[in-house]
Amino acid sequence: MSVLLRSFSTAAATAVAVSTFSSPSSSSALSVAALLISCRSLRSLEQIHARIIRKGLEQHPVIATRFLSFCAAFSAPAYASSAFDRLSAPNLIVWNALLAAHARHSPLPTTVALFNLLRRRCSLPPDAFTFPSLLSSCSHSVALSLGSSVHATILRCGLEADVFVRTALIDFYGNSGDLASARSLFDEMPKRNVVTWNAMIDGYVKSGDLVTARQIFDKMPERNAVSYTSLIDGYAKAGDLASARVLFEQLPERDVFSWSAMISGYAQNGQPGAALKIFLEMYNQNIKPDEFVVVGLMSACSQLGSLTLAKWVDLYVTRSSIDLSKAHVLAASIDMNSKCGNMERAASLFESMPNKDLISYCSLMQGYSLHGAGDKAMGLFRQMLEEGLMPDSITFTVVLAACSRAGLVEEGRQCFDLMTNEHLIVPSPDHYACMVDLLGRAGRLTEAYELIRSMPVEPHAGAWGALLGACRIHGDISLGETIARKLFEIEPTNAGNYVLLSNIYAVADRWADVSELRTLMRGKGIRKVPGFTWI
DNA sequence: TTAGGGTTAG
């Protein structure tokens, strides 16, 4: 009885608050509502907010709701909350709008706390509009047990049949790897919309089951750009650029997501030229790039190593509306400028970072190392350690390579010790190859040979190749012959090894051996590949 | 029974 009375009085209070809200004039409410629809930036939303307050429309439920959904659109959940807190009697619709703003932009615990507050404070129970945003937040955070309990609540509320709720559930289970649950929810749906199908496709793509994802795609009654892009992305990430390309060509209306899926797909699979071609096609169609397109483009450019192209990309990005200060854009830009030899630009971008991370340090160190400034690379490495960053295996590969290129034998040794003894990183074949190269270049051929023979892991051709190169520099014919024989076994068709040994013989005036080696190469059908460079 | 709120892709 008392519960009934309490809920009645809350509901009554809400009803009174809403019904007694008398807008100063309905025409001013309408004009503000129209203003909101045309709002394009957070700045103009703030101006409209000021007008809402001036006209006494702050408590208007419809205006408030629309205002909150624009806060969501401009990623301003705190702004949404501050406006919501001033509402005297928010109804369920307004609560739902606030929850949506937080679900999209706040951490999951904030969203969950808000949902609990809604249940306590709102006179009405949550409805089919409440759960999709809550579930979407669980899905993005991969909060498995929480999402399952939300599912239980949905069942208790009798809302599982709603298409939006069910689609959000399919997305949640699909994204959490529970494809069986997602699929049974999908199969038992009387009505689906295109988003439902897309959520199912994406679940299979994320789980790596491209065959089933494709079956769902083929069965869809109608597709949109999202349907294509999910699958294109899946194919591209799996390295199947041919299938990705076919779908991309079939896509009737490409949006920036689909362009970026192709560009970064090619870039990540070591096809920078193809990535660049797709980008140019996009550029010629006057499509505005976003940060993902630009990161893909920069990655392609750094693989090509062209300074001219890097300068063009840099200018292009500066002139676009892309936020260069975003971490992944900045990292890609530092990497591109480093690899293409624009060290001044790379360094100034690096300096502009408030929180420098491992990746950016490594990019810049690698740049200095590649362009003959090993000492600068080592200075950066020391600075990195002083800042308290923990170097990982890749960092040491970069550092050891820098030492070896610059002939910093002692520093290299110290770094190798630091890596193994203090950071307890097990040296990889790459690390060993760097050390062999370092010792070999310094003329310590025996030490290098001992190191390669004492390796607990199988040395790769790179390590042997580095040593063979060192034998050529220091004219060690007998060790050179031993190493070369080893290399002829590992990579019998690599012309470079034959050429190196032939050079060793030539320097020692052993022309008979040179000629014998050439005969051997001809016999095996090996031809020297002409010099090749992208630059 | 005005209006206003929800799901999918890096």
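It should be emphasised that the depicted structure is a prediction, and the values quoted were computed from it without experimental measurement.

The next point concerns the overall build of chain A. For chain A, the helix and strand inventory stands at 31 helices and zero strands. In terms of overall dimensions, chain A has C-alpha extents of about 105 × 50 × 50 Å along its principal axes. Of all 535 residues assigned to chain A, the portion counted as buried reaches 47%. With the model as given, the accessible surface of chain A reaches about 26700 Å², and the carbon-plus-sulfur share is 56%. Here chain A carries 48 positive and 48 negative side-chain charges, and the mean point of each set is 7 Å from the other.

Below, the discussion takes up the pattern of salt bridges. Under the defined criterion, the tally for this structure stands at 19 salt bridges. Here Glu-281 ties to Arg-254 by a salt bridge, and the two come within 3.4 Å at their closest N and O atoms. Within this pair, whereas Glu-281 is found in helix α17 (residues 272-284), its partner Arg-254 is found in the loop between α15 (241-250) and α16 (256-268), the two being separated by 27 residues in sequence. With a relative accessible area of 29%, Glu-281 lands in the partly exposed category. Judged by relative accessible area, which is 23%, Arg-254 ranks as partly exposed. A salt bridge links Glu-481 to Arg-510; the nearest nitrogen and oxygen atoms lie 3.4 Å apart. A residue pair is termed long-range when its members are at least 10 positions apart, and Glu-481 in helix α29 (residues 477-490) and Arg-510 in the loop between α30 (495-507) and α31 (511-523) qualify at 29 residues. For Arg-510, a relative accessible area of 30% puts it in the partly exposed group.

Below, the discussion takes up the packing of aromatic side chains. The tally for this structure, following the rule as stated, stands at 18 aromatic pairs. For the pair Phe-248 and Trp-259, a centre-to-centre distance of 5.2 Å together with 80° between the ring planes defines the contact as edge-to-face. Note that Phe-248 is positioned in helix α15 and Trp-259 in helix α16, a separation of 11 residues in sequence. For Trp-259, a relative accessible area of 0% translates into the label buried. Ring geometry for Phe-279 versus Trp-312: centroids 6.2 Å apart, planes at 70°, classification edge-to-face. With a gap of 33 residues between them, Phe-279 in helix α17 and Trp-312 in helix α19 (residues 307-319) connect regions that are remote in the sequence.

Here Val-142, not a glycine, exhibits a phi torsion of approximately 45°, which is positive. Looking at the element boundaries, Val-142 is found in the loop between α8 (130-140) and α9 (144-156). Under the relative-accessibility criterion, Val-142 is labelled partly exposed at 44%. In this model, Leu-424 sits at a positive phi of 50°, which is unusual for a non-glycine residue. With respect to the helices and strands, the residue Leu-424 is situated in the loop between α25 (409-422) and α26 (429-441). Overall, Leu-424 belongs to the exposed group, its relative accessible area being 67%.

Our focus in this paragraph is helix α7 (residues 108-121). Look at α7: 20 Å from first C-alpha to last across 14 residues, which is about the 20 Å you get at 1.5 Å a residue. Restricting attention to buried positions, one finds in α7 the residues Leu-108, Thr-111, Val-112, Leu-114, Phe-115 and Leu-118. When α7 is viewed along its axis, its buried side chains cluster within an angular range of 160° and face the same direction. Across α7 from its buried face, at more than 90 degrees, point the exposed residues Pro-109, Arg-120 and Arg-121. Next to the buried residues of α7 lie α6 (92-105), α8 and α9.

A separate point is the UniProt feature "repeat: PPR" (unreviewed entry) in chain A. Using the residue numbers shown here, the UniProt feature "repeat: PPR" (unreviewed entry) corresponds to residues 162-192, 193-227, 255-289, 357-391 and 392-426. Regarding residues 193-227, the helix share stands at 77% and the strand share at 0%, and the terminal C-alpha atoms are separated by 12 Å. As annotated, residues 255-289 has a helix share of 74% and a strand share of 0%, and its two end C-alpha atoms lie 10 Å apart.

Moving on, we come to the packing of helix α10 (residues 163-175) against helix α12 (residues 194-207). Between α10 and α12, the least distance of the axes is 8 Å, while the angle of their chain directions is 5°. When the axes of α10 and α12 are compared, the pair comes out roughly parallel. Together, Val-163, Thr-167, Ile-170, Asp-171, Gly-174 and Asn-175 of α10 and Val-195, Thr-196, Ala-199, Met-200, Gly-203 and Lys-206 of α12 make up the contact between the two elements. Among the residues forming the contact of α10 with α12, the class breakdown is five nonpolar, five polar and two charged.

Per-residue pLDDT for chain A has a mean of 91; in total, 94% of the residues score no lower than 70. For residues 1-20, every residue scores under 50 in pLDDT, and the model assigns this stretch four contacts once sequence neighbours within four places are set aside. Considering only residues more than four positions removed or in separate chains, one finds that residues 530-535, a stretch of pLDDT under 50, has four contacts.

Another point: the protein's contact with DNA strand B. The local shell around DNA strand B holds 35 residues, among which Asn-96, Ala-128, Asp-162, Ser-260 and Phe-292 are the closest. Among the atoms of DNA strand B lying within 4 Å of the protein, the sugar-phosphate backbone contributes 30%. Ser-136 is positioned with one of its side-chain polar atoms (N or O) 3.2 Å from a phosphate oxygen of DNA strand B. Within the side chain of Ser-260, a nitrogen or oxygen atom sits 2.4 Å from a base nitrogen of DNA strand B. Broken down by secondary-structure element, the contributors of at least two residues to the surface near DNA strand B are α4 (61-73), α6, α8, α10, α12, α14 (225-237) and α16. Across the surface near DNA strand B, the residue classes break down as 14 nonpolar, 12 polar and nine charged.

Scoring rules and cut-offs
- Residues numbered from 1 in each chain as written.
- Chains lettered and ligands numbered in written order.
- Predicted model: local features only at pLDDT ≥ 70, side-chain atom pairs only at ≥ 80, totals over all residues.
- Heavy atoms only, no water.
- Helix = DSSP H or I, 4+ residues; strand = E, 2+ residues; numbered from the N terminus.
- Buried < 20%, exposed > 50% of the residue type's maximum accessible area, 1.4 Å probe, protein only.
- Areas by Shrake-Rupley, 256 points an atom, 1.4 Å probe, with all protein chains shown as cover.
- Lys, Arg positive; Asp, Glu negative; His and termini not counted.
- Charge placed at Lys NZ, Arg CZ, Asp CG, Glu CD.
- Salt bridge = Lys/Arg side-chain N within 4 Å of Asp/Glu carboxyl O.
- Phe/Tyr/Trp six-rings, centres within 6.5 Å; stacked < 30°, edge-to-face > 60°.
- Expected span 1.5 Å × (residues − 1).
- Arc of directions from axis to C-beta.
- Contact = heavy atoms within 4.5 Å.
- UniProt positions renumbered as here; feature names shortened; annotations may be inferred.
- Axes fitted to C-alpha atoms, helices over the stretch in contact; angles between N-to-C directions.
- Parallel < 35°, antiparallel > 145°, perpendicular 65-115°, else oblique.
- Nonpolar A, V, L, I, M, F, W, Y, C, P; charged D, E, K, R; others polar.
- pLDDT = per-residue confidence, 0-100.
- Near = heavy atom within 4 Å.
- Polar contact = N/O pair within 3.5 Å; in protein donor to acceptor, adjacent residues only side chain to side chain.

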